[in-house]
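Remarks on the overall topology
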Amino acid sequence: MSLFLKNKNLEICIDAPLENYQHARFDWTGKIVSVRYQNIPVFGVEKLNTSPKSSFGRAFYNEFGIENAIGYDETPVGDWFHKIGVGLLKKEEGPYDFSKAYKIKPASFEVEQNESKITIKCASKLMNGYAYILSKEITLSDSGFTIHYKLTNTGEKTIKTEEYNHNFLAIDHLSMGKEYLLKFPFLLEPALFGEHINPENLVNIDSKSIGFENTPKEVYFFSNLSGSKLVKPSWELIHREKNIGIRETTSFKTRKINLWGCQHVISPELFFDVVVNPKQTLEWSRNYHLQNLG
């Protein structure tokens, strides 16, 4: 069953680990499927008009190892490798592909809840020298929420990967357009970006913000928005007509910030480098603040 955190300003809906989305990409711990601020939705979905809805990303789904899951390269075809927050995946021919429908052996999950916090733990089996315990706490405040991660390496090998939140965003389910503005605290220099996909030239990049000339119909994507410079990352999305803003700040610095989106959704992605030696624990957090700008 779905889990809820709620106060006078916010309502957050979180799917339990074995509820709805059970695919091989996104982390099953703390699948935040909707956030409403003053009864206005501030979340989007990866795809529209697709059934079943539980087969793709939505709201505040996160992922570990989008480019290479831990232990994949050393795992023989037909054996199993780890996807943190999901379980064991069965390796097929070819390089790792986050979009592939791998066979899954789910990890073990535990859920605890009180009025203002939900804690979900994920414990893996030892496989190819790797094992871990992931604990994710989602804590509600008056005007926001915090996602706190704790990853303990219970295996024999160092865990080295990356984690990000996809942040599928749309305010009141309104399409992207002139009323939206996405702000960053660092200088945006397109010449230093990695990929630069803007097929309709409708995404406008200023020195510290990104907006729209009109509603895009094609997918847009920009990688390494900080030019691979180490920055304390954050972003703020505002909708001028609705006078609502949402901001993410973090406990960490990063060199990798991407932006993906299409007509109905925008997704700023702040990546965290995960390196945990055996018997060690790593902690980090993402903080979300919402406000009425009127």
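My aim in this report is to walk through the structure given alongside it, one point at a time. (Residues numbered from 1 in each chain as written. Predicted model: local features only at pLDDT ≥ 70, side-chain atom pairs only at ≥ 80, totals over all residues. Heavy atoms only, no water.)

**Focus on the overall build of the protein**
Counted only if it meets this: Put simply, DSSP H or I for four residues or longer makes a helix, DSSP E for two residues or longer makes a strand, and each gets a number counted from the N terminus. Radius of gyration here uses only the C-alpha atoms, and the compact-globule reference equals 2.2 Å multiplied by the residue count raised to the power 0.38. Burial classes follow relative accessibility: with a 1.4 Å probe on protein chains only, a residue under 20% of its type's maximum area counts as buried, one over 50% as exposed, and anything between as partly exposed. The Shrake-Rupley method, run with a 1.4 Å probe sphere, supplies the accessible areas, and residue values consider only the shown protein chains as cover. In summary, the charge assignment counts Lys and Arg as positive and Asp and Glu as negative, without counting His or the chain termini. Note on charges: their place is set at NZ of Lys, CZ of Arg, CG of Asp or CD of Glu.
Within the protein one finds zero helices and 24 strands. Since a compact globule built from 294 residues should have a radius of gyration of about 19 Å, the 19 Å found for the protein is in line with a globular shape. Its C-alpha atoms give the protein principal-axis dimensions of roughly 50 × 45 × 35 Å. Out of the 294 residues belonging to the protein, those deemed buried represent 54%. A total accessible area of about 12,900 Å² is found for the protein, and carbon and sulfur atoms account for 46% of it. In the protein, 35 side chains carry a positive charge and 35 a negative one; their mean positions are 2 Å apart.

**Points about the environment of Glu 93**
Heads up, the condition is: Between two residues, a contact is recorded if the distance between any of their heavy atoms is within 4.5 Å.
For Glu 93, the position within the fold is in the loop between strand S7 (87-90) and strand S8 (104-106). By relative accessible area, Glu 93 is classed as exposed at 63%. Residues Glu 93 and Gly 78, spaced 15 residues apart in sequence, show a C-alpha to C-alpha distance of 8.5 Å. Every residue in contact with Glu 93, bar those within four places of it in the chain, is listed here: Val 77 and Lys 100.

**Some remarks on the side chain of Thr 119**
Within the secondary structure, Thr 119 is located in strand S10 (residues 117-123). A residue is classified by how much of its surface remains accessible, and Thr 119, at 9% relative accessible area, is buried. Discounting chain neighbours no more than four positions away, the residues touching Thr 119 are Glu 110, Val 111, Glu 112, Ser 135, Lys 136 and Glu 137.

**Looking at the pattern of salt bridges**
Stated formally: Any Lys or Arg side-chain nitrogen located within 4 Å of an Asp or Glu carboxyl oxygen qualifies as a salt bridge.
Enumeration according to the criterion identifies 15 salt bridges in this entry. Between Glu 92 and Lys 100 there is a salt bridge; the shortest N-O distance is 3.9 Å. Connected via shared salt-bridge partners are Arg 25, Glu 46, Glu 63 and Lys 83.

**What to know about the sheet that holds strand S15 (residues 196-197)**
Note the threshold: When DSSP finds at least two bridges between two strands, those strands are taken to pair.
Spatially, the four strands line up as an open sheet ordered S15-S18-S21-S22, and their pairing is antiparallel. Of all strands in the sheet, those with a lone pairing partner are S15 and strand S22 (265-270), marking the two edges.

**Description of the pairing of strand S1 (residues 3-6)**
Alternating residues of S1 divide into Leu 3 and Leu 5, all buried, and Phe 4 and Lys 6, none buried. The sheet contact formed by S1 and strand S2 (residues 10-15) spans four bridges and is antiparallel. Bridge assignment links Leu 3 to a residue of S2, and that residue is Ile 14. Linkage of S1 to S2, two consecutive antiparallel strands, is achieved through a turn of three residues.

**Points about unusual backbone geometry**
A positive phi angle, close to 55°, is found at Asn 20, a residue other than glycine. The residue Asn 20 is located in the loop between S2 and strand S3 (31-37) in this model. The exposure class assigned to Asn 20 is partly exposed, which follows from its relative accessible area of 44%. One non-glycine residue with positive phi stands out, namely Ala 59, at about 50°. On the secondary structure map, Ala 59 appears in the loop between strand S4 (40-41) and strand S5 (62-64). Assessed through its relative accessible area of 0%, Ala 59 is described here as buried.

**Quick word on the sheet that holds strand S9 (residues 108-113)**
Convention followed: A fitted line through C-alpha atoms serves as each axis, taken over the contacting stretch for helices, and the angle formed by two N-to-C directions is quoted from 0 to 180°.
The antiparallel open sheet is built from ten strands, whose spatial order is S9-S10-S11-S12-S24-S20-S19-S14-S17-S16. A strand with exactly one partner marks an edge of an open sheet, and here the two such strands are S9 and strand S16 (203-205). Strand-to-strand twist across the sheet, computed as the mean angle between neighbouring axes with direction ignored, equals 15°. Bridging between S10 and strand S11 (residues 132-141) involves seven bridges; their strand directions are antiparallel.

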